[in-house]
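Spelled out, the chains give:
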Amino acid sequence: MRLAIFSPLPPVRSGIAAYTAELLTALAPRHAIDVFVGSADELRAAAVPDGAAVRSAHDFVWARRRTPYDLVVYQLGNATCHDYMWPYLVRWPGLVVLHERHLQHSRARRLLQLRRPDDYTAELFFSHPDAPPGAERIGLAGYDGPLVYLWPMDGVAVRSARAVAVHDAALAGTLRERHPGVPIHAIPMGVADPGGADASPIRARHGFGPETVVVAAFGGVTPEKRVEPLMRAFAVARAYAPDARLLLVGGQAAHFDAAAHARALGIDRLVTMTGYVPDGELPAYLAAADVIACLRWPTGGETSAAWLRALAAGRATVITDLAAHAQLPALDPRSWTVPGAGVGPCQDPMAVAIDLLDETHSLTLALKRLVRDASLRNALGMAARRWWTERHTLAHMAAAYEAVLVDAAARPDPDVRLPAHLRPDGREHLRRLLGEMGVPDPLAAVVPRADAETEA
């Protein structure tokens, strides 16, 4: 199959960029793939396997006219590195792989940055016709906190697609209810095997001794990753393992001062913040950790690749008890049992799950035991590795992708009436530009063409 894939690629610092790079290794042997990127850095530095090529998104229109693609795939997330995709995904429908349901932060930011408040309002109510009158004022005022999670703004991306794929069965069910008639597929996310990475250089670099118990968190250091509750719990748990250390691996968010929280708790000398770490070093950092906290709230329905990498590395993990985790054999630290285990078959516990309504207390209980109980850490780590082996390898994900690609390629473009600003063919914009220069309209006698771009 000849595929066009729109996605960021490394060196863009994005989890989806790393995800796509791994996915290409699995798909390229069976497909001819052009990856369309949005930045010059990606064109210069992105590395792809044989069978794939990296091209500028600006080349897509003429490339598809010369040699049509069987399917266009959009790897879409809630970040600025996906902004360039929107004009294409509404004009050339394909398979939208939605990495999180919540898109309002990035889509609203982009439209308002371009001074298009009416277009933002139109897209908000297209996605959420049941939103109360005036809901748009929250976004227009620049507020991007938890309240806007009520309106994910996923409607344009989902309803303009031939098919949608997500990495969470619970999210797939939610989208089917919200958007009846749109084919929604659940694909298990897969990650590469980190292998037997050597942890000793990383532990030596950060001054961790052989007996040091390292509690780590990976990804952006943000409030949503529950870094502050993690620090509070660690401040108590360290009394049970005086040599314990907290390791935060990832870029620092400008709006969150993690170092100040550590100082306020008196644990600043016990907290190591690495900043951004190259992808190539992540396996060694995973191996250097004894316990990995993969917490999240609020959630946009994303699947944590960092957590899956921790499972693949055989680490003991602590997760938030979200809807997506409801069926996992995870321990409740208040009882150290798996809820519901007596009702039906239960596999060995492979994580510790934290109740959001009892977050700090439950998290403290979890760390108090995990920092001093090496046997429990080892048991959780072995079960985690088995869970990854049975469900979340790259081979599992690639096999599921194959069926979805065939299904989406066979489907027609959807019959949906999008907001007016997503339907123009670009000629009005050209006329305005030429009019400002006093140039007569050269398109007056031109027959409309199907390949003009939208103004998304």
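Refer to the structure above for everything that follows.
Residues numbered from 1 in each chain as written. Predicted model: local features only at pLDDT ≥ 70, side-chain atom pairs only at ≥ 80, totals over all residues. Heavy atoms only, no water.

Peer 1: Please clarify how the overall build of the protein chain should be interpreted in this entry.
Peer 2: A tally of regular secondary structure across the protein chain gives 18 helices and 14 strands. Expected size for 456 residues packed as a compact globule is a radius of gyration near 23 Å; at 24 Å, the protein chain falls within 12% of this value. Taking the principal axes of its C-alpha atoms as reference, the protein chain extends roughly 80 × 50 × 45 Å. Across the 456 residues of the protein chain, 50% fall into the buried class. Counted over contacts in the protein chain with a minimum sequence separation of 6, partners at least 24 positions apart contribute 71%. Carbon and sulfur atoms make up 54% of the accessible area of the protein chain, which amounts to about 20,200 Å² in all. Each charge class in the protein chain was averaged separately, 47 positive and 49 negative side chains, and the resulting centres sit 1 Å apart. (Helix = DSSP H or I, 4+ residues; strand = E, 2+ residues; numbered from the N terminus. Rg over C-alpha atoms; globule rule 2.2 N^0.38 Å. Buried < 20%, exposed > 50% of the residue type's maximum accessible area, 1.4 Å probe, protein only. Contact = heavy atoms within 4.5 Å. Areas by Shrake-Rupley, 256 points an atom, 1.4 Å probe, with all protein chains shown as cover. Lys, Arg positive; Asp, Glu negative; His and termini not counted. Charge placed at Lys NZ, Arg CZ, Asp CG, Glu CD.)

Peer 1: Would you explain the sheet that holds strand β14 (residues 351-354) in this entry?
Peer 2: Remark on secondary structure: sheet strands pair via backbone hydrogen bonds, oriented parallel or antiparallel. Reading across from one edge, β10-β9-β8-β11-β12-β14-β13 is the order of the 7 strands in this open sheet, with parallel pairing throughout. On the outer flanks of this sheet lie β10 (271-275) and β13 (330-331), each paired with one strand and no other. Relative to β14, β13 is paired through 2 bridges, and the arrangement is parallel. What sits directly across from L331, in β14, is V352. Lying on the sheet, helix α11 (residues 227-237) is in contact with β8 (214-218), β9 (245-249), β10 and β11 (291-294); it crosses β9 at an angle near 165°. Running over the sheet, helix α15 (residues 359-370) touches β8, β11, β12 (316-320) and β14 and is turned about 155° from β14. (Pairing = 2+ DSSP bridges. Axes fitted to C-alpha atoms, helices over the stretch in contact; angles between N-to-C directions.)

Peer 1: Would you mind going over the nonpolar core with me for this structure?
Peer 2: Soluble globular proteins: nonpolar side chains tend toward being buried together. Grouped together as the largest cluster of nonpolar side chains are 58 residues, with contacts concentrated most on I33, L95, W307, L311, M350, M397 and Y401. Grouped together as the second largest cluster of nonpolar side chains are 37 residues, A217, A237, A316 and V352 included. (Core = buried A, V, L, I, M, F, W, Y, C linked by side-chain atoms within 4.5 Å.)

Peer 1: Can you help me understand the pairing of strand β6 (residues 163-166) in this one?
Peer 2: Here is the key point about a regular strand: its side chains alternate between the two faces of the sheet. Neither face of β6 is left uncovered, since the one carrying A163 and A165 and the one carrying V164 and V166 both have all their residues buried. Inspection of the sheet shows strand β5 (residues 95-98) paired to β6 by 3 bridges, in the parallel sense. The partner of L95 across the bridge, within β6, is A163. Direction of pairing for β6 relative to strand β7 (residues 184-186): parallel, over a ladder of 3 bridges. The partner of V164 across the bridge, within β7, is I184. In this fold, β6 hands off to helix α9 (residues 169-178), which returns the chain to β7; that crossover is right-handed. (Right-handed = clockwise from strand over helix to strand, strands pointing away.)

Peer 1: Would you mind going over the packing of aromatic side chains with me for this structure?
Peer 2: Think of a pair of aromatic rings as described by two things: how far the centres are apart, and how the planes are tilted against each other in angle. In total, this model carries 11 aromatic pairs according to the counting rule given. Through a chain of ring-to-ring contacts, the aromatic side chains of F6, F36, F60, Y69, Y74, Y84, Y88 and W92 assemble into a single cluster. In this structure, R13 is placed above the aromatic ring of Y276, and the distance from its NZ or CZ to the ring centre is 3.8 Å. The ring of W86 has R107 sitting right over it, with the charged end atom 4.4 Å from the ring centre. (Phe/Tyr/Trp six-rings, centres within 6.5 Å; stacked < 30°, edge-to-face > 60°. Lys NZ or Arg CZ within 6 Å of the ring centre and 35° of its normal.)

Peer 1: Please explain the pattern of salt bridges as it appears in this structure.
Peer 2: Pairing between side chains becomes possible if they bear opposite charge and their charged atoms approach one another. Overall, the coordinates contain 25 salt bridges when judged by the stated rule. R226 is paired through a salt bridge with E359; the nearest N and O atoms lie 2.9 Å apart. Of the two residues, R226 sits in the loop between β8 and α11 while E359 sits in helix α15, which places them 133 residues apart along the sequence. For the pair R226 and E359, one class covers both residues: buried. A salt bridge links R391 to E390; the nearest nitrogen and oxygen atoms lie 3.0 Å apart. Each of D332, R334, D355 and D358 takes part in salt bridges that share partners, so that together they form one network. (Salt bridge = Lys/Arg side-chain N within 4 Å of Asp/Glu carboxyl O.)

Peer 1: It is not clear to me how the environment of V48 should be interpreted in this structure. Could you clarify?
Peer 2: You can see V48 is positioned in the loop between α2 (40-45) and β3 (52-56). Sequence separation between V48 and T25 is 23 residues; the distance between their C-alpha atoms is 7.8 Å. Excluding residues within four positions of it along the chain, V48 makes contact with L9, L24, A53 and V54.

Peer 1: I'm lost on the side chain of R107 in this one. Help?
Peer 2: Tracing the chain through its elements places R107 in helix α5 (residues 104-113). The residues touching R107, leaving out its near neighbours within four places in the chain, are W86, E123, M153, L422 and A456.

Peer 1: Whenever I open this one, the sheet that holds strand β2 (residues 32-37) confuses me. Can you help?
Peer 2: With respect to topology, 7 strands assemble into an open sheet ordered β3-β2-β1-β4-β5-β6-β7, the strand pairing being parallel. Since the sheet does not close on itself, it has two edges, and those belong to β3 and β7, each with one partner. Across this sheet, the average inter-strand angle for adjacent strands is 25°, counted without regard to direction. For strand β1 (residues 2-6) and strand β4 (residues 71-76), the ladder comprises 4 bridges, and the chain directions are parallel. Across the sheet, the residue bridging to L3 is L71, located in β4. The strands touched by helix α1 (residues 15-27) are β1, β2, β4 and β5; relative to β4, the strand with the most contacts, the crossing angle is about 145°. Across the face of the sheet, α9 comes into contact with β5, β6 and β7 while running at roughly 170° to β7.

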